[in-house]
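Topology and contacts: notes
This is what each chain is made of:
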Amino acid sequence: MRDAIVNVMTIDVEDYFHVSVFDGVVPRARWDRLESRVCRNTERLLDLFDEHRVRATFFILGWVAERHPALVARIAGAGHEVACHSHEHRLVYDLTRAQFRDDVRRAKAAIETAASRRVFGYRAPSYSITPQSLWALDVLIEEGFTYDASIFPIRHDRYGIPLSPRHPYLVTRDHGVLYEVPATTVRVGPVNLPVAGGGYFRILPYAWTRWGIDRVNRCEQRAAIFYLHPWEIDPDQPRLATSRLGQFRHYRNLHDTEARLRALLRDFSFGRLIDVLETEPRAVSAPAGLEPSLPYVW
Ligand SMILES: [Zn+2]
């Protein structure tokens, strides 16, 4: 089944020990001493995308770009979009405005230098732009970003603005405008349910993702924004200690994810975020009950 709508494939390029679930378990000072698996896992994804003639958007950690510039160059050289996933994978709502600016600036410079391409997009670690950290959008505008992909319109214990729009929209702030590109959800009754990526793709049956993307494509005639991490196709990664919930979220079904990804690439069309954004409408309708704290253009 090939749908006419081109969806968006995004990869957050980080190693298994960067994941927020291991904050406090693996101190940042120890990162350089752990076995790095990000290059081989990302190269596996690149081969898979090449096989399926898919170009994707790679949100890269600046920390990774500084240590593995050849990987960043290979991503860009294959025609994929390079974008920014922060420098040190710190949650935005734990940072001051100045700390966030320093982190983003360092990451953007490292990625642009390694890729010899301009970076337009940003995605926060663990979708950590929430009502408490909306000021981060101002910093992203000031630092020259065109879009952000950090606001998840769901209810979750660590992130999310449940009533924010479900499809790309334009945010106006004092210093300019920025596109916001939410990861895809389906609306079921009064709630938005995540259907397109990460743990939701890995832990729930593949039929859930297929149904959700098909519904967004067919019923809403919109592109789905999908996301995954290189470590999610690596069942042999070293096991790190964390909470029981953390273990479940991180390690569940790692052995099955690559096969699911192959099925997804067969079932739907995918492209780069920057290309799909250009075809998206520039204004959106405000959904009922929209929180007034976010300034939308519609
Ligand atoms: Zn991440």
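What counts, and where the lines are drawn
Residues numbered from 1 in each chain as written. Predicted model: local features only at pLDDT ≥ 70, side-chain atom pairs only at ≥ 80, totals over all residues. Heavy atoms only, no water. Helix = DSSP H or I, 4+ residues; strand = E, 2+ residues; numbered from the N terminus. Rg over C-alpha atoms; globule rule 2.2 N^0.38 Å. Buried < 20%, exposed > 50% of the residue type's maximum accessible area, 1.4 Å probe, protein only. Areas by Shrake-Rupley, 256 points an atom, 1.4 Å probe, with all protein chains shown as cover. Contact = heavy atoms within 4.5 Å. Salt bridge = Lys/Arg side-chain N within 4 Å of Asp/Glu carboxyl O. Axes fitted to C-alpha atoms, helices over the stretch in contact; angles between N-to-C directions. Parallel < 35°, antiparallel > 145°, perpendicular 65-115°, else oblique. Left-handed = near helix turned anticlockwise from the far one by under 90°. Phe/Tyr/Trp six-rings, centres within 6.5 Å; stacked < 30°, edge-to-face > 60°. Lys NZ or Arg CZ within 6 Å of the ring centre and 35° of its normal. Core = buried A, V, L, I, M, F, W, Y, C linked by side-chain atoms within 4.5 Å. Nonpolar A, V, L, I, M, F, W, Y, C, P; charged D, E, K, R; others polar. Pairing = 2+ DSSP bridges.

Some details on the overall build of the chain
- Secondary structure summary: the chain contains 10 helices and 11 strands in total.
- In terms of C-alpha radius of gyration, the chain reaches 18 Å, essentially the compact-globule figure of 19 Å for 298 residues.
- Taking the principal axes of the C-alpha coordinates as reference, the chain spans close to 50 × 45 × 40 Å.
- Counting the 298 residues in the chain, one finds 59% classified as buried.
- For the chain, the accessible area works out to roughly 12,400 Å², and carbon and sulfur atoms hold 51% of it.

Re helix α9 (residues 257-267)
- Burial within α9 is extensive, with 8 of its 11 residues counted as buried.
- Buried within α9 are the following residues: Thr257, Glu258, Arg260, Leu261, Ala263, Leu264, Leu265 and Asp267.
- Contact partners of the buried residues in α9: β1 (6-13), α1 (38-51), α6 (198-203), α7 (206-219), β10 (225-228) and β11 (269-271).

Notes on the pattern of salt bridges
- Overall, the coordinates contain 23 salt bridges when judged by the stated rule.
- The salt bridge involving Glu35 is made with Arg40; its shortest N-O contact spans 3.3 Å.
- By relative accessible area, which is 45% here, Arg40 ends up partly exposed.
- Two residues, Arg44 and Glu258, come together in a salt bridge whose shortest N-O distance is 2.6 Å. One end of the pair, Arg44, is in helix α1; the other, Glu258, is in helix α9, and 214 residues separate them in sequence.
- Taking the relative accessible area as the measure of exposure, Arg44 reaches 44% and is therefore partly exposed.

Brief notes about the packing of α1 against α9
- Interaxial distance between α1 and α9 falls to 11 Å at its minimum, and their mutual angle equals 25°. Classified by the angle between their axes, α1 and α9 sit roughly parallel to one another. For the pair α1 and α9, the sense of crossing is right-handed. When α1 is examined against α9, the residues Arg44, Leu45, Leu48, Phe49 and Glu51 are found in contact with a partner set consisting of Glu258, Leu261, Arg262 and Leu265.

Examining the packing of aromatic side chains
- One pass over the full model with this rule turns up 20 aromatic pairs.
- Seen in terms of ring centroids, Phe201 and Phe226 are 4.9 Å apart; in terms of plane orientation they differ by 90°. Their pairing is edge-to-face. Residue Phe201 is found in helix α6, and its partner Phe226 is found in strand β10; the two are separated by 25 residues along the sequence.
- The exposure class of Phe226 is buried, given its relative accessible area of 0%.
- Ring pairs connect the aromatic residues Tyr127, Phe152, Tyr159, Tyr200 and Tyr227, which therefore count as one cluster.
- Just above the ring of Trp63 sits the side chain of Arg67; from NZ or CZ to the centre is 3.9 Å.

Describing the nonpolar core
- One finds Met9, Phe100, Tyr122, Ile129, Phe226 and Leu264 to be the most contacted residues of the largest nonpolar core, which totals 77 residues.
- No other element matches helix α4 (residues 97-115), which puts 7 residues into this core.
- Leaving out residues up to four positions away in the same chain, Phe100 has contacts with Val92, Leu95, Tyr122, Trp135, Ala136, Val139 and Leu140.
- If you look at the next biggest cluster of nonpolar residues, it comprises 15 residues, including Ile5, Tyr147, Tyr179 and Val276.

Side note on the packing of helix α3 (residues 69-77) against α4
- Following both chains from N to C, one finds α3 and α4 inclined at 65°, their axes separated by 8 Å at the closest point. Considering their axes alone, α3 and α4 lie roughly perpendicular with respect to each other. As α3 runs across α4, the sense of the crossing is right-handed. Taking contact as the criterion, the partners of Pro69, Val72, Ala73 and Ala76 in α3 are, on α4, Ile111, Ala114 and Ala115.
- Across the contact of α3 with α4, the residue classes tally to 7 nonpolar, no polar and no charged.

Focus: the environment of Pro205
- Mapped onto the elements, Pro205 comes out in the loop between α6 and α7.
- Relative accessible area serves as the criterion here: at 53%, Pro205 is assigned to the exposed category.

A word on the pairing of strand β6 (residues 169-173)
- Pairing of β6 with strand β7 (residues 176-180), which is carried by 5 bridges, proceeds in the antiparallel orientation. Its bridge partner being in β7, Val171 is matched across the sheet by Leu178.
- What sits between the antiparallel neighbours β6 and β7 is a turn of 2 residues.

Description of unusual backbone geometry
- Residues other than glycine seldom take positive phi values, yet Arg53 does so here, at roughly 50°.
- Despite not being glycine, Asn253 shows a phi value in the positive range, around 60°.
- On the basis of relative accessibility, which here comes to 17%, the residue Asn253 falls in the buried class.

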